[in-house]
Amino acid sequence: MSEAMLVADRLTRHFGGLTANLEVCITLERGKLHALLGPNGAGKSTCINMLSGDLPPSAGRILLEGQDVTGLDSAERSHRGIGRSYQRTNIFPQFTVLENCRLAAQSRRPRPWRIFTDAMKTRDTVERARAAIVEAGLGGREQRKAGLLSHGEQRQLEIAMVLATDARVLLLDEPLAGMGSEESAQMVELLRELKQNRAILLVEHDMDAVFAVADTITVMVEGSVLESGPPEQIRNSEEVQAAYLGEEEHG
Amino acid sequence: MNSGVVTLFKLAVLAGLMLFPAIGSSFYVELVAKILVMAIFAMSLALLVGFTGLVSLGHAAYFGIAAYTVALIAPEYEAANLWFVLAASVLAAGAAAFFVGLFVLRTKGIYFIMVTLAFAQMAYYIFHDTALGRSSDGIYLNVKPDASLFGWTPFSLDDPAQLYYFILAAMAAVFVLLSFVLRSPFGRVLAGIHSNEHRMKSLGYATFRYKLAAFTLAGALAGVAGFLYAVLFGFVTPEYLSWHQSGNVLLMVILGGLGSLAGAVAGAFAFIGLQEMFSDWTKHWQLLMGLVIVAAVLFMPTGLAGLPRRIFRTVNWGEDDE
Ligand SMILES: Nc1ncnc2c1ncn2[C@@H]1O[C@H](COP(=O)(O)OP(=O)(O)OP(=O)(O)O)[C@@H](O)[C@H]1O
Ligand SMILES: [Mg+2]
């Protein structure tokens, strides 16, 4: 626990009468990938939204390296090192791939007063963006308009944008959805690399991918944590089998 | 379109504008000067509407506040110093925009349109109905400001041609300034906010501050236009702040094409040119103007700025946009 980076402490979120998250506790450690599983509507995205600052919790706290960040908005949390990708692709469709990532990189080097500087020629942001694009497997696509990429490529772009912000905590909401098997394998490889000096929370329905990279798995059902532990424990848990993994065979 | 051709075209337009006083009658020189002032006004609004995605329906407030500032602080029968009154007017407009921005930028979409309009209406009534505006009919600016700088007088605004060139230079300066701003890191953030503000926030941008800076800059530049308008016609009236004026400048931006500075300039030319032409024919010129706007939106969705590309679509310029 000494390397705990991000801690969700009894996070609760109500939507009217619906309790989307009830006292959810999750700890993300540096160098570890924590997978969050659960059937549709279990509350996984809601949990990520609270951790990233997109959604205020109804109750509970969020600690980043021991500091309470519950009251910070998403922009401030981003500057503290939390980065996220979205389940529903959330990019700048009219901009090129490079510009999508360059804007992400620029948030760390803003220069708002340099109005006579050409943003596209700020070398550090362009270089950071290019490196992130290559890392996410989009090398060669820099000048394509983001909106014209295939769905899988847009998922890769989401990852590239998070990388370009130099986030230390990654919250990834179904990054593999819609990717081809080759792209998926590549992304799993990337996740393995990325987790070495970061803390990662991965929401993913692709079980092969999850069991290939996860160090810890938390299973949620109807807003609550059903079980949490190492992959072997989760794989052999009868409760999890009954609640979730069994029905996944069909999906 | 080839960017070299575009630059050449812009330079040709600039050259034509520079030569114009040599050939145009004084009536037309004043008309073109008025258009150039409105072009500054339209560009300032384009920064918000076309580039940041903030549809303000109260932009005339900043135009009018600057115009009133020069009329109120200039001595009645002597020339005020041009540089002093220019700075004061622009600062007043910028400060007003900053203050209003603090409130209105907390709203979005239709609410933003409503509250910008509401603030402009308040400003209108302050000048129309309170002692500050002196009279609901307006105020004369009897003497044109004097351009002296430390005892040296580079030009005189009493000469219509020199006034015209001063306005043309201001228009060109605003065009160049905004062109730089738009490609700067700050300008790219505005483009990002226009495209997807939510994503900008999650990438770490405090978007409110950027929008406030854009709103303030747009207000200050509208102030440049309002100042020049007051100096050009030697008169200010509360109508400068009216919602008609806010609507007209919005129409110029739309007519010109959202997202293009040159389009905003073209929109000002087209709008005022047509207004002049139609009002010669009939006092119901607004009807004709309405028809033109509807036709333009239907048949020219990218505005005047998009016309060259549409016309030259059959010609392959080697640029790939799909
Ligand atoms: N903004 C919202 N307003 C109202 N209800 C919401 C909102 N967001 C989520 N919910 C509800 O909360 C519950 C949990 O949703 P959530 O998106 O977190 O599930 P999930 O585990 O991510 O599901 P999936 O696997 O389908 O992505 C669902 O019943 C959903 O309808
Ligand atoms: Mg989800």
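Just so it is clear, the structure is predicted and the values come from calculations on it, not from any experiment.

## Description of the overall build of chain B
Part 1 of the reasoning: Looking only at helices and strands, chain B has twelve helices and two strands in total.
Part 2 of the reasoning: In sequence order, chain B lays out its α and β elements as α-α-α-α-α-β-α-α-α-β-α-α-α-α.
Part 3 of the reasoning: Taken over C-alpha atoms, the radius of gyration comes to 20 Å for chain B, in line with the 20 Å a tight globule of 322 residues would show.
Part 4 of the reasoning: For chain B, the spread of C-alpha atoms along the principal axes amounts to about 60 × 50 × 45 Å.

## A short note on the interface of chain B and chain A
Part 1 of the reasoning: The interface is formed by 25 residues belonging to chain B together with 36 residues belonging to chain A.
Part 2 of the reasoning: Both faces considered, chain B and chain A share a buried interface measuring about 2,400 Å² in area, 57% of it formed by carbon and sulfur atoms.
Part 3 of the reasoning: At the boundary of chain B and chain A, one finds three salt bridges.
Part 4 of the reasoning: Here Arg-188 of chain B and Glu-99 of chain A are joined by a salt bridge, their closest N and O atoms 2.7 Å apart.
Part 5 of the reasoning: Linking chain B to chain A there are 21 residue pairs in polar contact (both at pLDDT 80 or more).
Part 6 of the reasoning: Top contributing element to the side of chain B that touches chain A by residue count: helix α7 (residues 185–202) of chain B, with 13 residues.
Part 7 of the reasoning: Along the lines of polarity and charge, the residues of the side of chain B that touches chain A split into twelve nonpolar, seven polar and six charged.

## Points about the confidence of the model for chain B
Residue and element names in this part refer to chain B.
Part 1 of the reasoning: Averaged over every residue, the pLDDT of chain B is 91; the share at 70 or more is 96%.
Part 2 of the reasoning: The lowest-confidence element of chain B is helix α12 (residues 307–311), averaging 76 in pLDDT; the highest-confidence one is helix α8 (residues 207–233), averaging 98.
Part 3 of the reasoning: Segment residues 316–322: pLDDT under 50, and nine contacts once partners within four positions in sequence are set aside and those in other chains are kept.
Part 4 of the reasoning: In the model output, the complex is listed with pTM 0.92 alongside ipTM 0.92.

## Notes on the nonpolar core
One broad rule of soluble globular proteins: the nonpolar side chains tend to lie buried together.
Part 1 of the reasoning: Leu-157 and Ile-217 of chain A together with Tyr-62, Tyr-164, Met-171, Phe-215 and Leu-228 of chain B are the most contacted members of the largest nonpolar core, which totals 157 residues.
Part 2 of the reasoning: Broken down by element, this core gets its largest block of residues, 18 residues, from helix α2 (residues 26–49) of chain B.
Part 3 of the reasoning: Two domains share this core, each providing at least three of its residues, namely domain 1 (1–81 + 168–251) and domain 2 (90–166) of chain A.
Part 4 of the reasoning: What Met-171 of chain B contacts, discounting residues up to four positions off in sequence, is Leu-17, Leu-36, Ala-39, Ile-40, Met-43 and Val-265 of chain B.

## Let's talk about the packing of aromatic side chains
Residues and elements named next belong to chain B.
Part 1 of the reasoning: Summed over all chains, the structure comprises 22 aromatic pairs over all chains.
Part 2 of the reasoning: Ring centres of Phe-63 and Tyr-240 lie 5.9 Å apart, and the angle between their planes is 70°; on these two criteria the pair is classed as edge-to-face. Linking Phe-63 in helix α3 (residues 60–73) with Tyr-240 in the loop between β2 (235–236) and α9 (243–256), this pair joins segments that are 177 residues apart in sequence.
Part 3 of the reasoning: What makes Tyr-240 buried here is its relative accessible area of 8%.
Part 4 of the reasoning: Their ring planes at 45° and their centres at 4.8 Å tell us that Tyr-140 and Phe-235 sit as a pair that is tilted. Of this pair, Tyr-140 sits in strand β1 (residues 139–140) while Phe-235 is found in strand β2, placing the two residues 95 residues apart along the sequence.

## Observations regarding the layout of surface pockets
Part 1 of the reasoning: Volume-wise, the second largest pocket comes out at about 680 Å³.
Part 2 of the reasoning: As for the second largest pocket, its lining consists of 26 residues, and the residues nearest its centre are Ala-206, Thr-207, Phe-208, Arg-209 and Tyr-210 of chain B.
Part 3 of the reasoning: Secondary-structure elements contributing two or more residues to the lining of the second largest pocket are α2 (74–80) of chain A together with α6 (160–183), α7 and α8 of chain B.
Part 4 of the reasoning: Ranked by residue count, the leading element in the lining of the second largest pocket is α8 of chain B, at six residues.
Part 5 of the reasoning: Partitioned by chemical class, the residues of the lining of the second largest pocket number 14 nonpolar, seven polar and five charged.
Part 6 of the reasoning: Built from parts of two domains, the lining of the second largest pocket gets at least three residues from each of domain 1 (1–81 + 168–251) and domain 2 (90–166) of chain A.

## Section: unusual backbone geometry
All names here are of chain A.
Part 1 of the reasoning: Residues other than glycine seldom take positive phi values, yet Glu-23 does so here, at roughly 45°.
Part 2 of the reasoning: Its place among the elements puts Glu-23 in strand β2 (residues 18–29).
Part 3 of the reasoning: Within the chain, Asp-166 stands out as a residue other than glycine whose phi angle is a positive 60°.
Part 4 of the reasoning: For Asp-166, the position within the fold is in the loop between α5 (151–164) and β7 (169–173).
Part 5 of the reasoning: Assessed through its relative accessible area of 35%, Asp-166 is described here as partly exposed.

## Looking at the environment of Thr-218 of chain A
Residues and elements named next belong to chain A.
Part 1 of the reasoning: Tracing the sequence through the fold places Thr-218 in strand β9 (residues 216–221).
Part 2 of the reasoning: Here Thr-218 falls in the buried class, since its relative accessible area comes to 0%.
Part 3 of the reasoning: Sequence-wise, Thr-218 and Ala-35 are 183 residues apart; in three dimensions their C-alpha atoms are separated by 6.2 Å.
Part 4 of the reasoning: Sequence-distant contacts of Thr-218, defined by excluding residues within four places in its chain, comprise Ile-26, His-34, Ala-35, Leu-36, Leu-37, Val-225, Glu-227 and Ser-228.

## Some details on the site of ligand 1
Residue and element names in this part refer to chain A.
Part 1 of the reasoning: In the neighbourhood of ligand 1, 13 residues make up the surrounding shell, with Gly-41, Lys-44, Ser-45, Thr-46 and Gln-87 lying closest.
Part 2 of the reasoning: Here an oxygen atom of ligand 1 sits 2.9 Å away from a polar atom, N or O, in the side chain of Asn-40.
Part 3 of the reasoning: Between an oxygen atom of ligand 1 and a side-chain N or O atom of Gln-87, the distance comes to 2.8 Å.
Part 4 of the reasoning: For ligand 1, whose unbound accessible area comes to 640 Å², protein coverage reaches 60%.
Part 5 of the reasoning: The set of elements that each furnish at least two residues to the shell around ligand 1 consists of β2 and α1 (44–52).
Part 6 of the reasoning: Ranked by residues supplied to the shell around ligand 1, first place goes to α1 with three residues.
Part 7 of the reasoning: Class assignment of the residues belonging to the shell around ligand 1 gives a composition of four nonpolar, seven polar and two charged.

## Considering the coordination of the magnesium ion (ligand 2)
Part 1 of the reasoning: Protein coordination at the magnesium ion (ligand 2) comes from Ser-45 of chain A (OG) and Gln-87 of chain A (OE1), with a distance range of 1.9 to 2.1 Å. Here Ser-45 of chain A is found in helix α1, whereas its partner Gln-87 of chain A is found in the loop between β6 (82–85) and α3 (97–106), with 42 residues between them in sequence.

## Topic: a nonpolar patch on the surface
Part 1 of the reasoning: Residues Ile-110, Tyr-111 and Met-114 of chain B make up a contiguous nonpolar surface patch of about 370 Å² in total accessible area.
Part 2 of the reasoning: The residue Met-114 of chain B is located in helix α5 (residues 109–129) in this model.

## Considerations on the sheet that holds β2 of chain A
Residues and elements named next belong to chain A.
Part 1 of the reasoning: Strand order in the open sheet made by the four strands is β2-β1-β4-β5, with antiparallel pairing throughout. Of all the strands in the sheet, the pair left with one neighbour each is β2 and β5 (67–68).
Part 2 of the reasoning: With five bridges connecting them, strand β1 (residues 4–15) and strand β4 (residues 59–64) associate as antiparallel partners. In the sheet register, Leu-6 faces β4, and the bridge partner there is Leu-64.
Part 3 of the reasoning: Against the sheet, α1 engages β1, β2 and β4, with an angle of about 120° to β1.

Rules of the game
- Residues numbered from 1 in each chain as written.
- Chains lettered and ligands numbered in written order.
- Predicted model: local features only at pLDDT ≥ 70, side-chain atom pairs only at ≥ 80, totals over all residues.
- Heavy atoms only, no water.
- Helix = DSSP H or I, 4+ residues; strand = E, 2+ residues; numbered from the N terminus.
- Rg over C-alpha atoms; globule rule 2.2 N^0.38 Å.
- Contact = heavy atoms within 4.5 Å.
- Buried area = accessible area lost by both parts, 1.4 Å probe.
- Salt bridge = Lys/Arg side-chain N within 4 Å of Asp/Glu carboxyl O.
- Polar contact = N/O pair within 3.5 Å; in protein donor to acceptor, adjacent residues only side chain to side chain.
- Nonpolar A, V, L, I, M, F, W, Y, C, P; charged D, E, K, R; others polar.
- pLDDT = per-residue confidence, 0-100.
- Core = buried A, V, L, I, M, F, W, Y, C linked by side-chain atoms within 4.5 Å.
- Buried < 20%, exposed > 50% of the residue type's maximum accessible area, 1.4 Å probe, protein only.
- Domains from an automatic or database assignment.
- Phe/Tyr/Trp six-rings, centres within 6.5 Å; stacked < 30°, edge-to-face > 60°.
- 1 Å grid on protein atoms, 1.4 Å probe; cavity = no way out; pocket = protein on both sides within 12 Å on 5 of 7 lines; lining within 4 Å.
- Points joined across faces, edges and corners; volume = space filled by probe spheres on them.
- Near = heavy atom within 4 Å.
- Areas by Shrake-Rupley, 256 points an atom, 1.4 Å probe, with all protein chains shown as cover.
- Donors = N, O, S within 2.8 Å, 3.2 Å for Na, K, Ca; no water.
- Patch = residues over 30% accessible without salt bridge, like charges linked within 9 Å, V, L, I, M, F, W, Y side chains within 5 Å.
- Pairing = 2+ DSSP bridges.
- Axes fitted to C-alpha atoms, helices over the stretch in contact; angles between N-to-C directions.

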